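Here is what each chain is made of, one letter per residue.
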Amino acid sequence: VQLQASGGGWVQPGGSVRVSCAASGLTFSSYRMGWFRQAPGKEREFVSSISKSGISTYYTDSVNGRFTISRDNARNTVYLQMNSLKPEDTAVYYCAATVTGIRAGPMAPGVMDYWGKGTQVTVSS
């Protein structure tokens, strides 16, 4: 199983970036997907999740209204569109997959079955 995240980079405050995560080696539509992030010196934190079908989504409070998660099961890819970025959004962003559960909701890192290697997003002027 491989989860390959891409699309990160440097962006100015208030800007936007979309990160993607391409999955292989698993039946993608059988997994709920989540995005997590980890800033230097901090623990990995949950950002957003999406149900297996893509109908249900969930966001942590700090990104709700600014970030949008989506998935394309035909392309085995999950996306995170990040708008109105703030310096505190700077982190390595990881995608992860879990076969448990149905609807989107908060996810703990310990329940995820597979992880990608992460992509850096830096928000700075």
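Here we summarise the structure given alongside this text. (Residues numbered from 1 in each chain as written. Predicted model: local features only at pLDDT ≥ 70, side-chain atom pairs only at ≥ 80, totals over all residues. Heavy atoms only, no water.)

## A closer look at the state of the cysteines
Per the counting criterion, the structure on display carries one disulfide. A disulfide bridge connects Cys21 with Cys95, and the sulfur atoms are separated by 2.0 Å. Of note, the bridge from Cys21 to Cys95 carries an S-S torsion of about 55 degrees and is right-handed in sense. Taken as a pair, Cys21 in strand β3 (residues 17-24) and Cys95 in strand β9 (residues 91-98) lie far apart in primary sequence, 74 residues in all. Residue class for Cys21 comes out buried when judged on its relative accessible area of 0%. (Disulfide = S-S within 2.5 Å. Helix = DSSP H or I, 4+ residues; strand = E, 2+ residues; numbered from the N terminus. Buried < 20%, exposed > 50% of the residue type's maximum accessible area, 1.4 Å probe, protein only.)

## Brief notes about the nonpolar core
Nonpolar side chains in soluble globular proteins tend to end up buried together. Judged by nonpolar contacts, the single largest core of 28 residues is most densely connected at Met33, Trp35, Phe67, Val78, Leu80, Met82 and Tyr93. Those elements giving two or more residues to this core turn out to be β3, β4 (32-38), β5 (45-50), β7 (67-72), β8 (77-82), β9 and β11 (119-123). Leave out the neighbours within four places in its chain, and Phe67 touches Arg37, Val47, Tyr59, Leu80, Gln81, Met82, Asn83, Leu85, Asp89 and Tyr93. In this structure, Phe36, Phe46, Met107 and Met112 belong to the second largest nonpolar core, which totals five residues. (Core = buried A, V, L, I, M, F, W, Y, C linked by side-chain atoms within 4.5 Å. Contact = heavy atoms within 4.5 Å.)

## Topic: the pairing of β8
Counted residue by residue, β8 has five buried out of six residues, so it is predominantly covered. By the bridge criterion, six bridges tie β7 to β8 in an arrangement that is antiparallel. Residue pairing in the sheet places Thr68 in a bridge with Gln81 of β8. Hairpin connection from β7 to β8: four residues lie between these consecutive antiparallel strands, with Asn76 at a positive phi of about 55 degrees. (Pairing = 2+ DSSP bridges.)

## Side note on the packing of aromatic side chains
Enumeration according to the criterion identifies five aromatic pairs in this entry. Judged by centre distance (6.4 Å) and plane angle (80 degrees), the rings of Tyr94 and Trp115 are edge-to-face. Placement of the pair is Tyr94 in strand β9 and Trp115 in strand β10 (residues 114-115), with a sequence separation of 21 residues. Assessed through its relative accessible area of 13%, Tyr94 is described here as buried. (Phe/Tyr/Trp six-rings, centres within 6.5 Å; stacked < 30°, edge-to-face > 60°.)

## Digging into the environment of Tyr114
Mapped onto the elements of the fold, Tyr114 is located in strand β10. Classification of Tyr114 as partly exposed rests on a relative accessible area of 30%. In sequence terms Tyr114 and Met33 are 81 residues apart; their C-alpha atoms lie 9.7 Å from each other.

## Here's the deal with the side chain of Ser51
Mapping Ser51 onto the fold places it in the loop between β5 and β6 (57-59). A relative accessible area of 3% means that Ser51 is categorised as buried. Within the structure, Ser51 has its side chain in polar contact with the backbone nitrogen of Ile55 (distance 3.3 Å). Those residues in contact with Ser51, other than ones at most four positions away along the chain, are Arg32, Ser56, Arg71, Ile102, Arg103 and Ala104. (Polar contact = N/O pair within 3.5 Å; in protein donor to acceptor, adjacent residues only side chain to side chain.)

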